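# Inside the fold
For reference, the chains in residue letters:
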Amino acid sequence: MLLGIDKLPKVANELFNALHEDEAQIIEELYQACQRENLQEIDRLMELLIYDVEDHFSTEEELMREAEFFAYPMHKAEHDSMRRDIKNLYDNWKIGKNVKEIEKKMVPWLLLHISRWDSITAIHIGD
Ligand SMILES: [Fe+2]
Ligand SMILES: [Fe+2]
């Protein structure tokens, strides 16, 4: 297993944690599909991931607005930049079918966002 779900950093809000685990599971499957170079499966999982990322980000944004979290604009801007990133990644994938690009990007992408933004946000929002 490339990304142990158990290694995912936990934050102070259980809903955030559940969203992250769902996403880590899809990314894990995506990694495995990359390793097998199963192009059709990668397509399916990228579509699923984009859908899941939207659900993840919009749920967090709703909670932040409800809690009137002071850093909402920054966290939201980071989500927006990640939304663009993943769309670009998928567009590039469709052209180049470069498995390595997907493998390199996704795990650090999620882990960095959790530690940089979600952990502090979850502390403010609480559980
Ligand atoms: Fe998150
Ligand atoms: Fe976030």
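Look a little higher up for the structure.
We now turn to the structure provided with this report. (Residues numbered from 1 in each chain as written. Chains lettered and ligands numbered in written order. Predicted model: local features only at pLDDT ≥ 70, side-chain atom pairs only at ≥ 80, totals over all residues.)

### Remarks on the overall build of the chain
Regarding its fold elements, the chain presents four helices and zero strands. When the helices and strands of the chain are listed from N to C terminus, the series reads α-α-α-α. Here the C-alpha radius of gyration of the chain, 15 Å, is about what a compact globule of 127 residues would show, namely 14 Å. With the principal axes as the frame, the chain shows a C-alpha extent of 45 × 30 × 20 Å. Taken across its 127 residues, the chain has 21% of its residues classed as buried. Expressed as a percentage of contacts within the chain between residues at least 6 apart in sequence, the contacts between residues at least 24 apart total 68%. (Helix = DSSP H or I, 4+ residues; strand = E, 2+ residues; numbered from the N terminus. Rg over C-alpha atoms; globule rule 2.2 N^0.38 Å. Buried ≥ 20, exposed ≤ 12 C-beta atoms within 10 Å, placed from the backbone. Contact = placed C-beta atoms within 7 Å.)

### Focus: the nonpolar core
Among the nonpolar cores identified, the biggest contains 18 residues, and Ile27, Leu30, Cys34, Ile42, Leu45 and Leu49 are the most heavily contacted of them. Of all elements in the fold, only α1 (14-35), α2 (39-66) and α4 (99-125) reach the threshold of two or more residues within this core. If one sorts the elements of this core by residue count, α1 sits on top with seven residues. Residues contacting Leu45, with those up to four places away along its chain left out, are Ile26, Glu29, Leu30 and Ala33. (Core = buried A, V, L, I, M, F, W, Y, C linked by C-beta atoms within 7 Å.)

### Observations concerning the packing of α2 against helix α3 (residues 72-96)
As a packed pair, α2 and α3 sit with axes 11 Å apart at the nearest point and diverge in direction by 175°. What the angle tells us is that α2 and α3 run roughly antiparallel. In this structure, α2 uses Met46, Ile50, Val53, Phe57, Glu61, Met64 and Arg65 to contact α3, whose residues at the interface are Tyr72, His75, Lys76, His79, Arg83, Ile86, Tyr90 and Trp93. Considered class by class, the residues forming the contact of α2 with α3 number nine nonpolar, two polar and four charged. (Axes fitted to C-alpha atoms, helices over the stretch in contact; angles between N-to-C directions. Parallel < 35°, antiparallel > 145°, perpendicular 65-115°, else oblique. Nonpolar A, V, L, I, M, F, W, Y, C, P; charged D, E, K, R; others polar.)

### Brief notes about α3
A rise of 1.5 Å per residue sets the reference length of α3, with its 25 residues, at 36 Å; its end C-alpha atoms lie 35 Å apart and thus fit the reference within 8%. Directly after α3, the chain includes Lys97, whose backbone phi takes a positive value near 50°. (Expected span 1.5 Å × (residues − 1).)

### Some points on the packing of α1 against α4
Taken N-terminus to C-terminus, the directions of α1 and α4 make an angle of 170°; their axes are 10 Å apart at the nearest point. Our classification of the angle between α1 and α4 gives roughly antiparallel. Across the interface between the two elements, Phe16, His20, Glu23, Ala24, Ile27, Leu30, Tyr31 and Cys34 from α1 touch Val99, Ile102, Glu103, Met106, Val107, Leu110, Ile114, Asp118 and Ala122 from α4.

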